[in-house]
Amino acid sequence: MLELTELIGKGATRECYAHPFDKEKCVKVFQNPQKARNAFLEELNVYNKVHPILGNFICHYGSELVETNKGLGLISELIKDDDGKISKPLVSYVISGQMVPQIAQEINKFSQLLQENDLFFYDFNLMNFVVQKKGKTYRLCYIDMKSYNNYKSWSFLGLEQISKPIARYIVHRRLKRMYELLHLEMPKKK
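Residues numbered from 1 in each chain as written. Predicted model: local features only at pLDDT ≥ 70, side-chain atom pairs only at ≥ 80, totals over all residues. Heavy atoms only, no water.

K.L.:
Before we move on, can you summarise the environment of Asp83 with the specific residues and values?
P.N.:
Position of Asp83 among the secondary structure elements: in the loop between β5 (71–77) and β6 (88–89). With 20 residues separating them along the chain, Asp83 and Ser63 place their C-alpha atoms 28 Å apart. Engagement of the side chain of Asp83 in a polar contact is seen with the backbone nitrogen of Lys85, the distance being 2.9 Å. (Helix = DSSP H or I, 4+ residues; strand = E, 2+ residues; numbered from the N terminus. Polar contact = N/O pair within 3.5 Å; in protein donor to acceptor, adjacent residues only side chain to side chain.)

K.L.:
Pulling in residues and values, what's your account of the sheet that holds strand β7 (residues 129–134)?
P.N.:
If you walk across this open sheet you meet the three strands as β6-β7-β8, and the pairing is antiparallel. Each end of this open sheet is capped by a strand with a single partner; those strands are β6 and β8 (137–142). With two bridges connecting them, β6 and β7 associate as antiparallel partners. Note that in β7 the partner of Pro89 across the bridge is Val130. (Pairing = 2+ DSSP bridges.)

K.L.:
How would you explain helix α4 (residues 164–182) if you had to name every residue and give the values?
P.N.:
A turn of α-helix holds 3.6 residues, and therefore any two residues three or four places apart point the same way. Taking 1.5 Å per residue, 19 residues should reach 27 Å; α4 reaches 27 Å between its end C-alpha atoms and fits that length. All buried positions along α4 are accounted for by Ala167, Ile170, Val171, Leu175, Met178, Tyr179 and Leu182. Of the surrounding secondary structure, the elements contacted by the buried residues of α4 are α2 (90–95), α3 (101–116) and β7. (Expected span 1.5 Å × (residues − 1). Buried < 20%, exposed > 50% of the residue type's maximum accessible area, 1.4 Å probe, protein only. Contact = heavy atoms within 4.5 Å.)

K.L.:
How would you summarise the sheet that holds strand β3 (residues 25–30) if you had to cite specific residues and measurements?
P.N.:
Ordered in space as β1-β2-β3-β5-β4, the five strands form an open sheet in which the pairing is antiparallel. Strands at the two margins of the open sheet, each flanked by one partner only, are β1 (7–10) and β4 (61–68). For this sheet, the mean inter-axis angle between neighbouring strands, taken without regard to orientation, is 30°. In this sheet, β5 lies alongside β3 in antiparallel orientation, the contact comprising five bridges. Residue pairing for β5: Val29 is matched across the bridge by Gly73. Contacts from helix α1 (residues 36–54) reach β2 (14–18), β3, β4 and β5 within the one sheet, and its direction differs from that of β4 by about 165°. (Axes fitted to C-alpha atoms, helices over the stretch in contact; angles between N-to-C directions.)

K.L.:
A description of the nonpolar core should follow, citing residues and the corresponding values.
P.N.:
In terms of nonpolar packing, the biggest core is built from 45 residues, with Val50, Leu54, Leu90, Phe110, Phe121, Phe124 and Met178 touching the most fellow members. Breaking this core down by element, the ones donating at least two residues are α1, β4, β5, α2, α3, β7, β8 and α4. Contact partners of Phe121, with chain neighbours within four places excluded, come to Val46, Val50, Leu54, Leu114, Tyr142, Asp144, Met145, Ser147, Tyr148 and Val171. Counting residues in hydrophobic clusters, the runner-up holds seven residues, among them Leu2, Val27, Val29 and Val66. (Core = buried A, V, L, I, M, F, W, Y, C linked by side-chain atoms within 4.5 Å.)

K.L.:
Any chance you could break down the pattern of salt bridges for me, citing the residues and the numbers?
P.N.:
In this structure the tally under the stated criterion is ten salt bridges. A salt bridge links Arg139 to Glu77; the nearest nitrogen and oxygen atoms lie 2.9 Å apart. Of this pair, Arg139 sits in strand β8 while Glu77 sits in strand β5, placing them 62 residues apart in sequence. Relative accessible area serves as the criterion here: at 12%, Arg139 is assigned to the buried category. Given the relative accessible area of 18%, Glu77 is considered buried. Lys164 is the salt-bridge partner of Asp118, the closest N and O atoms lying 3.9 Å from each other. With Asp118 in the loop between α3 and β7 and Lys164 in helix α4, this pair connects stretches of sequence that are 46 residues apart. Overall, Lys164 belongs to the partly exposed group, its relative accessible area being 46%. Within the structure, one salt-bridge network assembled from shared partners comprises Arg14, Lys28 and Glu43. (Salt bridge = Lys/Arg side-chain N within 4 Å of Asp/Glu carboxyl O.)

See below:
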């Protein structure tokens, strides 16, 4: 059993702890441990499906769940900059005015991969992206696997689950909204 003590991040339903034995990894746990097994297994399924396409645009996951003092956990890559500090979310680059052209290019590549491969992620909150800085290179990393095929709106009555055109439309609209928040021009579809 892993003893988790160093909290490094917290979302609405989950917490992220530093891995006690591997400084390059973190362990995600649910605040409500009863939800962990099914949710993490689904997240691993999504990761295994999209990793061959998205590669380094997502953080790398361990292959199985682990027992911790906080309940069942999922081990993943801890995204850190070359100075050893935890990488900042995309929103901090926007707020501080540090958006560089390479980050915008990474966003464009990520968006293009999603749309070309019908990968239906729906939550493009700027906190769901982390930007890793290694020297003069920037890596965009999307960290929200749980939003895959998980559109939480009653307006389409779940039709996006059975209609790819509706799902594509929703993803495109959400990406467009993200580009507007970033004050970037969304590339035209090829």
